[in-house]
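So the chains spell out like this:
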Amino acid sequence: MATLIRSKLSNVATSVSNKSQAKVSGMFARMGFQAATDEEAVGFVHCDDLDMEHRQGLQMDILKSDASEEGAEPPLEGDIHYQRDGTGPLPPSASKDEGVCSELSGQGKPKITAWEAGWNVTNAIQGMFVLGLPYAILHGGYLGLFLIIFAAVVCCYTGKILIACLYEENEDGEIVRVRDSYVDIANACCAPRFPKLGGRIVNVAQIIELVMTCILYVVVSGNLMYNSFPNLPVSQKSWSIIATAVLLPCAFLKNLKAVSKFSLLCTLAHFVINILVIAYCLSRARDWAWDKVKFYIDVKKFPISIGIIVFSYTSQIFLPSLEGNMQHPKEFHCMMNWTHIAACILKGLFALVAYLTWADETKEVITDNLPSTIRAVVNLFLVSKALLSYPLPFFAAVEVLEKSLFQDGNRAFFPNCYGGDGRLKAWGLTLRCALVVFTLLMAIYVPHFALLMGLTGSLTGAGLCFLLPSLFHLKLLWRKLMWHHVFFDVAIFVIGGICSVSGFIHSLEGLVEAYSSNVED
């Protein structure tokens, strides 16, 4: 009888313990932690086989019922650990207490500050593509300077409204984040009739922009090397082939851990180069050609300048992810303000000062105007930065392609390009190499930095930065918008559409003419 009573009490205690554990699991889930399991971890207590089987069966029933209430996946058999953002189970040697304490102490996926987020945005909008801005002033004059300011204001605004589309008001009147990415926003706008159409359009635009960015890196590498060593019997196309040979190992990348170590150095080197260019221009301030800055525009070539300016501000692709990883998302608006104000000032000064120095002789890549004594050194730094920057958009494009075409579960168009052990299959590696070769072929047959930049900015840049954010904002938050927000969204959509179509047509015409002249030569 005493044995039976002890058994009943043991079962009741176990039930209470597991119920408490399940409630704690739900609490951690609400705090943003995801329950994960480790089948090799140590159990809570040691007992005989029959009691262990009974306890685990009871534990699974309780946790499953609680998980169904919380909307979470039921944990597997074993000890429970809590991990943020699904980072996977802890090592077998880690105990339950160590797992919980390590997460509570801030380990896992770290959040970034507003300053760190601003640094990421600055890297995107202050990259080496500002080298084409003086060429935009050549064809736009003072209107080009106005567009640099106007594009900064509009891109800052559309970045904010894009993030606003991630949030909705719940039943309690609280603003909560219900979407995680640009694709989620696009799918929500096209639901319920076409729930996947919007995401596919955004994915196509992202792939085009990322691949075109890779092509521009190859083009600018060949251009800079050719102009740095004009006496060598090596053509620009040959330099592009050499650059691509250096970039071919990118096809073997599994992650960007190795490449990310160089990103800060590359950015700092680029700022130093910009300072050197401005310093040289200031040394020739007495010769500045203020009379060459026009108040009128070149109707045929100015739309290309619009695409160049817009492309230099593109950062909307990764803003949802960036805001989601900030420690204080409320600081996002302030971060966008100061980053775009700084970008506007620096870009405007750089473009104007460089154009005043060389006036009508301004080239597509402004460093080609530098004297040969310092041009080679500056260009070598820029080539290094371009080659080290190439893996970032390449890897992002590969991830989008693999996820949408090869890893989208039963909806994938092709079989998985990864084996059961996680290794890339031979034909998957071949496709990656083919993408690298494709960027080379485009760079060889269309080696025009400004035209390609204008085409990309007019097509995907205007779409992702102007058209889609304003359209999504109107669609998702129509009933809650003030009249001035509606006016701004409609105006940005109309003006952006006109500039996009005009810039795309003129850039395409320029590319066709350039290609025809290359074929004739």
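Every residue gets a number counted from 1 within its own chain, in the order that chain's sequence is written. Since the coordinates come from a predicted model, pLDDT governs what is reported: local features require at least 70, and pairs of side-chain atoms require 80 or more to be given and counted, while whole-chain, interface and lining totals use all residues. With hydrogens and water set aside, each side-chain value is computed from the structure's full complement of heavy atoms.

- The protein is annotated in an unreviewed UniProt entry as Vesicular inhibitory amino acid transporter of Chelydra serpentina.
- Turning to the protein, the UniProt record has this under Sequence similarities (unreviewed entry): "Belongs to the amino acid/polyamine transporter 2 family." UniProt positions are given in the numbering used here, feature names are shortened, and annotations may be inferred rather than shown by experiment.

**Things to note about a nonpolar patch on the surface**
Next, step 1: Patch membership requires more than 30% relative accessible area and the absence of a salt bridge. Residues of like charge join within 9 Å; the nonpolar side chains Val, Leu, Ile, Met, Phe, Trp and Tyr join within 5 Å. Using the Shrake-Rupley algorithm and a 1.4 Å probe, accessible areas are obtained, with residue cover drawn only from the displayed protein chains. Whenever a carboxyl oxygen of Asp or Glu lies within 4 Å of a side-chain nitrogen of Lys or Arg, that contact is scored as a salt bridge. A cluster of nonpolar residues, Leu471, Val490, Phe493, Val494 and Ile498, forms a patch on the protein surface that exposes about 420 Å² of accessible area.
Next, step 2: The dominant element in the nonpolar patch, judged by the number of residues it contributes, is helix α18 (residues 483–520), at four residues.
Next, step 3: By secondary structure assignment, the location of leucine 471 is in helix α17 (residues 449–476).
Next, step 4: Classification of residues uses two cut-offs on accessible area relative to the type maximum, computed with a 1.4 Å probe and protein chains only: under 20% is buried, over 50% is exposed, and between them is partly exposed. A residue is classified by how much of its surface remains accessible, and leucine 471, at 40% relative accessible area, is partly exposed. Secondary structure elements follow DSSP: runs of H or I of four or more residues count as helices, runs of E of two or more count as strands, with numbering from the N terminus.

**Focus: the packing of aromatic side chains**
Next, step 1: Only rings of Phe, Tyr and Trp enter the pairing, Trp through its six-membered ring, and a pair is recorded when the two centres are within 6.5 Å. The plane angle decides the type: under 30 degrees is stacked, over 60 is edge-to-face, the rest tilted. For the structure shown, the criterion picks out nine aromatic pairs.
Next, step 2: Centre to centre, the rings of phenylalanine 146 and phenylalanine 150 are 6.0 Å apart; their planes meet at 20°, and the pair counts as stacked. Of this pair, phenylalanine 146 and phenylalanine 150 are both found in helix α5 (residues 133–164), four residues apart, which corresponds to roughly one turn of the helix.
Next, step 3: By relative accessible area, which is 48% here, phenylalanine 146 ends up partly exposed.
Next, step 4: A centroid spacing of 5.9 Å and a plane angle of 15° characterise the contact between tyrosine 280 and tryptophan 358, whose relative ring orientation is stacked. Taken together, the positions of tyrosine 280 in helix α10 (residues 263–283) and tryptophan 358 in helix α13 (residues 332–358) put the pair 78 residues apart, joining distant regions of the chain.
Next, step 5: As a reminder, the over-ring test applies to NZ of lysine and CZ of arginine, requiring each to be within 6 Å of the ring centre and within 35 degrees of the ring normal. Over the aromatic face of tyrosine 313 sits the side chain of lysine 347, whose NZ or CZ is 3.5 Å from the ring centroid.

**Brief notes about the pattern of salt bridges**
Next, step 1: The final tally for this structure, using the stated rule, is four salt bridges.
Next, step 2: Put simply, arginine 179 and glutamate 168 hold a salt bridge, and the shortest N to O gap is 2.4 Å. Placement of arginine 179 in the loop between β4 (175–177) and α6 (182–190) and of glutamate 168 in strand β3 (residues 167–169) is noted, with a sequence separation of eleven residues between them.
Next, step 3: Assessed through its relative accessible area of 10%, arginine 179 is described here as buried.

**What about the nonpolar core?**
Across soluble globular proteins, nonpolar side chains have a tendency to be buried as a group.
Next, step 1: The definition of a nonpolar core used throughout is a set of buried Ala, Val, Leu, Ile, Met, Phe, Trp, Tyr and Cys residues joined through side-chain atoms within 4.5 Å. Membership of the largest hydrophobic core comes to 113 residues, with the highest contact counts inside it found for Tyr313 and Tyr390.
Next, step 2: Tallying contributions element by element places α5 first for this core, with 17 residues.
Next, step 3: Residue contacts follow a heavy-atom distance rule, with two residues in contact if any of their heavy atoms lie within 4.5 Å. Those residues in contact with tyrosine 390, other than ones at most four positions away along the chain, are Cys214, Tyr217, Val218, Leu247, Cys250, Val436 and Thr439.

**Considerations on α6**
Next, step 1: Regarding α6, the residues found buried are Tyr182, Ile185, Ala186, Asn187 and Cys189.
Next, step 2: Its buried side turned inward, α6 meets α5, α7 (197–228), α12 (319–324) and α17.

**Some thoughts on the packing of α5 against α13**
Next, step 1: To define axes, lines are fitted to C-alpha atoms, for helices over the stretch in contact only, and angles between the resulting N-to-C directions are given on a 0 to 180 degree scale. Where α5 contacts α13, the two axes come as close as 10 Å, and the packing angle between them is 175°. Classed by the angle they form, the pair α5 and α13 counts as roughly antiparallel. Reported orientations rely on four angle classes, namely roughly parallel under 35 degrees, roughly antiparallel over 145, roughly perpendicular from 65 to 115, and oblique for the rest.

**Notes on unusual backbone geometry**
Next, step 1: Residues alanine 191 and proline 192 are joined by a peptide bond in cis, for which omega reads 0°.
Next, step 2: Assignment of secondary structure puts proline 192 in the loop between α6 and α7.
Next, step 3: Phi is positive for alanine 359, close to 50°, though the residue is something other than glycine.
Next, step 4: Residue classification places alanine 359 among the buried positions, given a relative accessible area of 9%.

**Re the environment of glycine 461**
Next, step 1: Take glycine 461: it is sitting in helix α17.
Next, step 2: Here glycine 461 falls in the buried class, since its relative accessible area comes to 0%.
Next, step 3: Sequence separation of glycine 461 and isoleucine 208 is 253 residues, and the distance between their C-alpha atoms is 10.0 Å.
Next, step 4: Not counting the four nearest positions on each side in its chain, glycine 461 is found in contact with Glu209, Val310, Thr314, Thr456 and Phe466.

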